[in-house]
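Examining the three-dimensional arrangement
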Amino acid sequence: AQSVAQPEDQVNVAEGNPLTVKCTYSVSGNPYLFWYVQYPNRGLQFLLKYITGDNLVKGSYGFEAEFNKSQTSFHLKKPSALVSDSALYFCAVRDRSSGTASKLTFGTGTRLQVTL
Amino acid sequence: DARVTQTPRHKVTEMGQEVTMRCQPILGHNTVFWYRQTMMQGLELLAYFRNRAPLDDSGMPKDRFSAEMPDATLATLKIQPSEPRDSAVYFCASDWENTEAFFGQGTRLTVV
């Protein structure tokens, strides 16, 4: 069975400082990895994905994520946080080796709070 | 601007009533997911379809929940009878061939 762990319920960071939101995953095969963001009373919005290739993936709004196969991690990062980045962030995984359309499994989410 | 459309956005119903939620996936997408979001459980996968065929509905309470895709442009999630514990936000998402999924705005269900 595949799973995603987001060990931090909340991350607090001051505006202008770098941020990291952690994610580790477990799949039996090779992973597709995703980050989504959710603002209040909205659906989830896609931020970025890792499929194959370069381990550093760049996405929307200045976010990036680094795939580390040995540590089975896919941490979300941004060099300089903005107050408007405050939201709920979800990491998700699919098993690339499953052939047919594979299940998309989400972590429990991490609330990012950016303060002035 | 392609998007996943869910209706209704909000639904308040009495316990025991039937609830039907609808989802129009993005045109051309062949995979549709139904998720439920609550504060306690987070995002739970209820069911998903590929090319209109159900692949996994193990996340749904079978006695009261049912999910179907009558055609490629419509997915439905029904609850009969509804219970207060079903109160949640229900999301539909769609994608093409294991790429990133796009989410609808959700249906906020309140069962009183």
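Below: a short report on this structure. As the structure is a prediction and not an experimental result, all values here were calculated from the model.

1. Considerations on the environment of Leu-104 of chain A
- Note that Leu-104 of chain A resides in the loop between strand S10 (87-95) and strand S11 (105-106).
- Between the C-alpha atom of Leu-104 of chain A and that of Ala-92 of chain A, which follows or precedes it by 12 residues, the distance is 6.5 Å.
- Residues contacting Leu-104 of chain A, with those up to four places away along its chain left out, are Gln-2, Phe-34, Tyr-36, Ala-92, Val-93 and Arg-94 of chain A together with Phe-33, Tyr-35, Leu-45 and Ala-101 of chain B.

2. Thoughts on the environment of Met-60 of chain B
All names here are of chain B.
- Looking at where Met-60 falls in the secondary structure, it is placed in the loop between strand S6 (53-56) and strand S7 (65-71).
- Note on Met-60: relative accessible area 6%, which makes it buried.
- Taking C-alpha positions, Met-60 is 8.1 Å from Leu-45, a pair spaced 15 residues apart along the chain.

3. Comments concerning the pattern of salt bridges
Residue and element names in this part refer to chain B.
- In total, this model carries 12 salt bridges over all chains according to the counting rule given.
- Among the salt bridges present, the one from Glu-44 reaches Arg-36, with a minimum N-O distance of 3.2 Å.
- Look at Glu-44 and you get partly exposed, because its relative accessible area is 21%.
- Take Arg-36: its relative accessible area is 11%, and that puts it in the buried class.
- The closest approach of N and O atoms between Asp-86 and Arg-64, which form a salt bridge, is 2.6 Å. On the criterion of sequence distance, the pair formed by Asp-86 in the loop between strand S8 (74-79) and strand S9 (88-95) and Arg-64 in the loop between S6 and S7 is long-range, its members being 22 residues apart.
- The class of Asp-86 is buried, set by a relative accessible area of 1%.

Conventions we followed
Residues numbered from 1 in each chain as written. Chains lettered and ligands numbered in written order. Predicted model: local features only at pLDDT ≥ 70, side-chain atom pairs only at ≥ 80, totals over all residues. Heavy atoms only, no water. Helix = DSSP H or I, 4+ residues; strand = E, 2+ residues; numbered from the N terminus. Contact = heavy atoms within 4.5 Å. Buried < 20%, exposed > 50% of the residue type's maximum accessible area, 1.4 Å probe, protein only. Salt bridge = Lys/Arg side-chain N within 4 Å of Asp/Glu carboxyl O.

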